[in-house]
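Structural overview
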Amino acid sequence: MTDIIHLLPDSIANQIAAGEVIQRPASVVKELIENSLDAGATHVILSVKDAGRTFIQVIDDGKGMSATDLRMAFERHATSKIRNVDDLFSLTTMGFRGEALPSIAAISHIEVKSRRKEDELGSWLVISGSKVEKQEIVAAAAGTSITVKNIFFNVPARRKFLKSNETERRNIFTEFERIVLVNPDVEFTFIENGVETLHLPRTGLRQRIVQIEGKNTNQQLIEISEETTLGKIYGYITRPEFARKGKVNQFFFVNNRYIRHPYFHKAVTTAFEPLIAATEKPGYYIYFQVDPDTIDVNIHPTKTEVKFENEQALWQILMVTVKESLGKFNAIPTIDFDRDDAPEIPIYNPSHSASMPKVNIDPGYNPFHSHRAETPKPVTPVFGWEQLYKGFEKDSSSTLFKPAENDHNLPETELSPEHYQYKQKYILTSVKSGLMIIDQHRAHVRILFDKYLEQIKNKRGISQRVLFPEVLDLSVSEAAALPSILEDLEALGFELGDLGNCSFAIQAVPSEIENTAPAPLVRSMIGKSMETGSDVKSEVQESIALSLANMTAIPYGRTLTAEEMLLVVSQLFASPSPTYTPDGQVIISVVSDAEIEKKMQ
Ligand code: ADP
Ligand code: MG
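Computed from a predicted model, the values in this text were never measured in an experiment.

1. Quick notes on the sheet that holds strand 20 (residues 495-500)
To summarise the sheet geometry, strands pair through backbone hydrogen bonds and adopt either a parallel or an antiparallel arrangement. With antiparallel pairing, the 3 strands of this open sheet are ordered in space as 19-21-20. Two strands in the sheet have a free side with no partner beyond their single neighbour: strand 19 (463-473) and strand 20. The average angle at which neighbouring strand axes cross in this sheet is 20°, direction not considered. Bridging between strand 20 and strand 21 (residues 503-510) involves 5 bridges; their strand directions are antiparallel. Looking across to strand 21, one finds that Leu-496 is bridged to Ile-506. Docked against the sheet, helix 14 (residues 518-532) engages strand 19, strand 20 and strand 21, running at close to 70° with respect to strand 19.

2. Some points on the pairing of strand 6 (residues 143-149)
Taking burial as the measure, the 7 residues of strand 6 include 6 buried ones, the bulk of the element. Relative to strand 6, strand 2 (residues 55-60) runs antiparallel, the two being bridged by 6 bridges. Opposite Ile-59, over in strand 6, you have Ser-145 as the bridge partner. As judged from the 7 bridges shared by strand 3 (residues 109-115) and strand 6, these two strands associate in the antiparallel manner.

3. What about the nonpolar core?
If you look at the biggest cluster of nonpolar residues, it comprises 92 residues, and the most contacted ones within it are Ile-33, Leu-46, Phe-74, Phe-188 and Phe-494. At 8 residues, the largest contribution of residues to this core is made by helix 13 (residues 476-492). Contact partners of Phe-494, with chain neighbours within four places excluded, come to Leu-489, Ile-506, Ala-508, Val-509, Pro-510, Ile-513, Pro-518, Val-522, Met-525 and Leu-548. With 30 residues, the next largest nonpolar core counts Ala-267, Ile-295, Leu-318 and Met-319 among its residues.

4. Topic: unusual backbone geometry
Despite not being glycine, Phe-152 has its phi angle at roughly 65°, a positive value. You can see Phe-152 is positioned in the loop between strand 6 and helix 6 (156-161). Taking relative accessible area as the criterion, Phe-152 reaches 1% and is therefore assigned buried. A positive phi is found at Asn-255, a non-glycine position, where the angle reads about 45°. Within the secondary structure layout, Asn-255 lies in the loop between strand 11 (250-254) and strand 12 (257-259).

5. A closer look at the site of ligand 1
Around ligand 1 lies a shell of 20 residues, among which Asn-35, Thr-79, Ser-80, Lys-81 and Gly-98 are the nearest. Within the side chain of Thr-79, a nitrogen or oxygen atom sits 2.5 Å from an oxygen atom of ligand 1. At 3.3 Å, a backbone N or O of Ala-100 approaches an oxygen atom of ligand 1. Notes on ligand 1: free accessible area 530 Å², of which the protein chains cover 93%. For the shell around ligand 1, the secondary-structure elements that each account for two or more residues are helix 2 (25-38) and helix 5 (100-106). When residues in the shell around ligand 1 are grouped by element, the largest group, 3 residues, is from helix 5. Of the residues that constitute the shell around ligand 1, the class distribution is 8 nonpolar, 8 polar and 4 charged.

6. Observations regarding the packing of aromatic side chains
Counted under the stated rule, the structure contains 17 aromatic pairs. Members of the aromatic cluster, each reached through a chain of ring pairs, are Phe-252, Tyr-263, Phe-264, Tyr-284, Phe-288, Phe-308 and Trp-315. Taking the ring centre of Phe-55 as reference, the NZ or CZ of Lys-49 above it sits at 4.5 Å. Cation over ring: Arg-178 sits above Tyr-258, and NZ or CZ is 3.8 Å from the ring centre.

7. Brief notes about the confidence of the model for the protein
Of the residues in the protein, 82% have a pLDDT of 70 or more, and the chain-wide mean is 82. Here residues 331-350 scores under 50 on pLDDT; set against residues more than four positions off or in separate chains, the count is 2 contacts. For residues 367-409, every residue scores under 50 in pLDDT, and the model assigns this stretch 80 contacts once sequence neighbours within four places are set aside.

8. Some thoughts on the pattern of salt bridges
Counting across every chain of the model gives 19 salt bridges. One salt bridge connects Glu-118 with Arg-116, and the closest N-O pair in it is separated by 3.7 Å. The class for Arg-116 is partly exposed, based on a relative accessible area of 26%. Between Glu-564 and Arg-558 there is a salt bridge whose closest N-O contact spans 3.9 Å. Neither Glu-564 nor Arg-558 differs from the other in exposure class; each is buried. One continuous salt-bridge network, built from bridges that share partners, spans Arg-116, Glu-118 and Asp-119.

9. Structural notes on the packing of helix 12 (residues 440-458) against helix 15 (residues 537-552)
Helix packing for two helices is described by the angle between their axes and how far apart those axes are. Relative orientation of the contacting elements helix 12 and helix 15 amounts to 140°, with a least axis distance of 8 Å. When the axis of helix 12 is compared with that of helix 15, the two are oblique. Pair helix 12 / helix 15 crosses with right-handed handedness. In this structure, helix 12 contributes His-441, His-444, Val-445, Leu-448, Phe-449, Tyr-452, Leu-453, Ile-456 and Lys-457 to the contact, and helix 15 contributes Gln-541, Glu-542, Ile-544, Ala-545, Leu-546, Leu-548, Ala-549, Asn-550 and Thr-552. Residue composition of the contact of helix 12 with helix 15, by class: 11 nonpolar, 5 polar and 2 charged.

10. So, the packing of helix 2 against helix 7 (residues 165-180)
At a minimum axis separation of 8 Å, helix 2 and helix 7 run at an interaxial angle of 25°. What the angle tells us is that helix 2 and helix 7 run roughly parallel. You can see that helix 2 and helix 7 cross each other, and the crossing is right-handed. Residue-level inspection shows Pro-25, Ala-26, Val-29, Lys-30, Ile-33, Glu-34 and Leu-37 of helix 2 in contact with helix 7, the latter providing Glu-168, Asn-171, Ile-172, Glu-175, Phe-176 and Ile-179. Taken together, the residues of the contact of helix 2 with helix 7 sort by class into 8 nonpolar, 1 polar and 4 charged.

11. Quick look at the pairing of strand 18 (residues 434-439)
Judged from the 6 bridges that link them, strand 17 (residues 426-431) and strand 18 form a sheet pairing that is antiparallel. Following the sheet pairing, Ile-427 is matched in strand 18 by Ile-438. Hairpin connection of strand 17 to strand 18: 2 residues between the antiparallel strands. Examined bridge by bridge, strand 18 and strand 22 (residues 588-592) share 5 bridges and lie antiparallel to one another. Residue pairing for strand 22: Leu-435 is matched across the bridge by Val-591.

12. Regarding helix 1 (residues 10-21)
In this model, helix 1 (12 residues) spans 16 Å end to end at C-alpha, consistent with the 16 Å of a helix rising 1.5 Å per residue. Elements that come into contact with the buried residues of helix 1 comprise helix 2 and helix 5.

About the criteria used
- Within each chain, residue numbers correspond to sequence positions counted from 1 in written order.
- In the order they appear in the text, chains get letters beginning with A and ligands get numbers beginning with 1.
- Since the coordinates come from a predicted model, pLDDT governs what is reported: local features require at least 70, and pairs of side-chain atoms require 80 or more to be given and counted, while whole-chain, interface and lining totals use all residues.
- Values shown for side chains rest on all heavy atoms present in the structure; no hydrogens or waters enter the calculation.
- In short, DSSP must find at least two bridges between two strands for them to pair.
- A run of H or I in DSSP counts as a helix once it spans at least four residues, and a run of E counts as a strand once it spans at least two, with each numbered from the N terminus.
- The angle between two axes is taken between their N-to-C directions and runs from 0 to 180 degrees, where each axis is a line fitted to C-alpha atoms and a helix contributes only its stretch in contact.
- Every residue pair with non-hydrogen atoms within 4.5 Å of one another is taken to be in contact.
- Only protein chains enter the accessibility calculation, which uses a 1.4 Å probe. A residue is then buried if its area is under 20% of the maximum for its type, exposed if over 50%, and partly exposed in between.
- Only buried residues count toward a nonpolar core. Its members are Ala, Val, Leu, Ile, Met, Phe, Trp, Tyr and Cys residues joined through side-chain atoms within 4.5 Å.
- It suffices for a single heavy atom of a residue to lie within 4 Å of a molecule or strand for the residue to be listed as near it.
- Residues adjacent in sequence count toward polar contacts only when both atoms are side-chain atoms; beyond that, a polar contact is any pair of N or O atoms within 3.5 Å, and within protein one must be able to donate a hydrogen and the other to accept it.
- Accessible surface area values rest on a Shrake-Rupley calculation with a 1.4 Å probe, where residue burial reflects the displayed protein chains alone.
- Amino acids outside the nonpolar list (Ala, Val, Leu, Ile, Met, Phe, Trp, Tyr, Cys, Pro) and the charged list (Asp, Glu, Lys, Arg) are all regarded as polar, and Gly is one of them.
- Aromatic contacts are taken between Phe, Tyr and Trp rings whose centres are within 6.5 Å, Trp giving its six-membered ring; a plane angle under 30 degrees counts as stacked, one over 60 as edge-to-face, and the others as tilted.
- Only when the NZ of Lys or the CZ of Arg is both within 6 Å of the ring centre and within 35 degrees of the ring normal is a charge said to sit over the ring.
- Residue-level confidence of the predictor, termed pLDDT, takes values from 0 up to 100.
- Only one rule defines a salt bridge in this text: a Lys or Arg side-chain nitrogen within 4 Å of an Asp or Glu carboxyl oxygen.
- Should an angle fall under 35 degrees it is called roughly parallel, over 145 degrees roughly antiparallel, and 65 to 115 degrees roughly perpendicular, with every other angle called oblique.
- Crossings are sorted by hand: turned counterclockwise from the far helix by less than a right angle, the near helix makes the crossing left-handed, and turned clockwise it makes it right-handed.
- For a helix, the expected span equals 1.5 Å multiplied by the residue count minus one.

Next up, the structure:
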């Protein structure tokens, strides 16, 4: 019998290795740009087509490769970056395994042109599925240009595994963002389907963050900086009032490499804890420079998890540093405080004598007996009241106190007309079997969610053009996510004009939110859709509707008139599911007569 064990051909071995290093177009982008940076590039041009599926090109002005090195670069474990085991522990480059180029070459059509400055001519190499098709001496610009076409052309299973273009595009931006945030002194150009979408000139760290996250980020940043024997910690955190509920930018980098670090994340959130609500998240861009000997970057193949030798001590230092910067910032008043919502404090005038505040009560007033026109009420349209009233007028003739004929799983259908608002948070009303408690904010979220979702699905939103379009400065990753939800935003009534470089003018808004600042709304909807990370249209639409509903619904702490309460209740019961918000929070609770009786015994 013959022996049965044999070595795999290189092409197959490379394909297997590729599985670990190259999962998607974004991995190719990452590996290629990191190589350019390792080669000392000062300008990197990234160009992609079809979210990287058919075309990814990285051109740099780095040190280039000789003809022999270029050929060698595609052999497995061929690297210029380490020579012995010790080198592994003192790495200052991004790459070191010598796996990226052979892995990419195993699963795509690749073409490289490279020339060292000192050489007159460069070389040109064409490889397809690990097979060298061509190598020639050619005239070439100094530096390296690598073109990767048709990724996974020979691995259908992998190709099928790729997500939608929007998702793959977003992944590319995410990798790009992580790289440019640690290389402010390098110029980057991003070209998408032949159009230059982003140009980042060389600059400092703060400005690079602003270039990539949008102009209005600048005023949000507080600097942190600390140097100890364990290393250096520096970067920026966002001012506490800019903490957000949705997606925020939270970046850690160590020795210029993006890392995830849940333990250090806790240090930052601990420092922010007393200053922000538990549901809000602070943004941060935090950079560690430590002796490469004291970290282990080898524990994860894509290298986003890093183990620190002095983790606990660094935790403390980080926490204190962030705390101190927050304190310093709070102690120094700045002139650009947003005072728009601050209460007016009247100037004290000693010549005027103080008088008791008066309250006028109309004891005969009953909102349920009088006609609306006779009892005009100030209506603030900010929270979608206008829309609420529209519904009211339509239904007022009959079903006001009766829920629609839906299966509400409610103990009760007849609602009594007495309403009482408790602590500006709950609407209390008696029903046949007891006392019904309705959460005012959640109820309105349900009402608005139903309405917005219907508008998105049927493209029924009514658009209102704005006189002075607000400019929305998005981060690169937000701008990348926008096209996937643009149609839904337009269905709601938003209209955005592209101003280039990730800025958009909000030219029209849904008519019912006319008086709400639209930029935070749009940003939140983009953020939510990114968090959902789903390719399923209906899920994304729901996340958009919910985020808009959450932001425009009646807040807690708002006094409601009897009429407004009535409207909320009647519209709530027109919903097919009035008992829970779309994200599963309780809207209605009933305390039964029996429970009340028992308490009173
Ligand atoms: P690694 O980066 O881990 O060394 P790669 O497969 O990514 O492995 O690259 C192999 C080698 O090819 C590198 O060590 C480097 O010498 C060379 N190389 C790759 N890309 C470039 C580039 N853009 N400019 C100059 N040299 C490069
Ligand atoms: Mg590399």
